[in-house]
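# Descriptive structure summary
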Amino acid sequence: QVQLAESGGGLVEAGGSLRLSCAATGSAFSNYAMGWFRRAPGKEREFVAGISWSGQNIVYGDSVSLEGRFTISRENSRNMVYLEIDSLKPEDTGVYYCNAARNPYWSDAFAGGYWGQGTQVTVSS
């Protein structure tokens, strides 16, 4: 099993940046692909970004892939995965969740693997 704990959320003004962190404990971290999802108020959870165990393969969700404001990364030596969000917009507001899974097919509907409790991001206009 893998336990995940997100941190780094908060209240930020539009245009600012945040780096979300996810700390993993339990089974070998490097065996898992890691992903970030978010749930905006009143909306379904959506896939934001995923990174393979090696860090060599990265994919971004349809809603963010064209913007270039999101960057996912990982440090296997520290059992950490990060999501950096630049030029924050009010529509980035939501709860951001970290996910660990083996061989995932990343999509908005993906529900497998292990999940953290989420970290709240609120962007003020």
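Structure's up top.
Residues numbered from 1 in each chain as written. Predicted model: local features only at pLDDT ≥ 70, side-chain atom pairs only at ≥ 80, totals over all residues. Heavy atoms only, no water.

### So, the pattern of salt bridges
- For the structure shown, the criterion picks out 5 salt bridges.
- Among the salt bridges present, the one from R69 reaches E67, with a minimum N-O distance of 2.5 Å.
- Using a relative accessible area of 8% as the deciding quantity, one classes R69 as buried.
- Using a relative accessible area of 36% as the deciding quantity, one classes E67 as partly exposed.
- Ionic contacts of the salt-bridge type, sharing partners, join the residues R38, E46, E67, R69 and D92 into one network. (Salt bridge = Lys/Arg side-chain N within 4 Å of Asp/Glu carboxyl O. Buried < 20%, exposed > 50% of the residue type's maximum accessible area, 1.4 Å probe, protein only.)

### Comments concerning the layout of surface pockets
- Roughly 160 Å³ of internal volume is contained in the largest pocket.
- Lining the largest pocket, in full, are R38, A40, K43, E44, E46, S63, E67, R69, K89, E91 and D92.
- Taken together, the residues that form the lining of the largest pocket break down as 1 nonpolar, 1 polar and 9 charged. (1 Å grid on protein atoms, 1.4 Å probe; cavity = no way out; pocket = protein on both sides within 12 Å on 5 of 7 lines; lining within 4 Å. Points joined across faces, edges and corners; volume = space filled by probe spheres on them. Nonpolar A, V, L, I, M, F, W, Y, C, P; charged D, E, K, R; others polar.)

### Digging into the sheet that holds strand β3 (residues 18-26)
- Here 4 strands make up an open sheet; going across it, the order is β1-β3-β8-β7 and the pairing antiparallel. The sheet terminates laterally at β1 (2-7) and β7 (70-75), the two strands that pair on one side only. Shown here is a sheet whose adjacent strand axes are inclined to one another by a mean of 20 degrees, direction ignored.
- When β7 meets strand β8 (residues 80-85), the two strands line up antiparallel, connected through 6 bridges. Following the sheet pairing, R74 is matched in β8 by V81. (Pairing = 2+ DSSP bridges. Helix = DSSP H or I, 4+ residues; strand = E, 2+ residues; numbered from the N terminus. Axes fitted to C-alpha atoms, helices over the stretch in contact; angles between N-to-C directions.)

### A word on the nonpolar core
- Residues L4, L20, M34, W36, V81, L83 and Y96 are the most contacted members of the largest nonpolar core, which totals 26 residues.
- Secondary-structure elements contributing two or more residues to this core are β1, β3, β4 (33-39), β5 (45-51), β7, β8, β9 (94-101) and β11 (119-124).
- The biggest single contributor to this core is β3, with 4 residues.
- Ranked by size, the runner-up nonpolar core spans 6 residues in total, among them A33, F37, F47 and W106. (Core = buried A, V, L, I, M, F, W, Y, C linked by side-chain atoms within 4.5 Å.)

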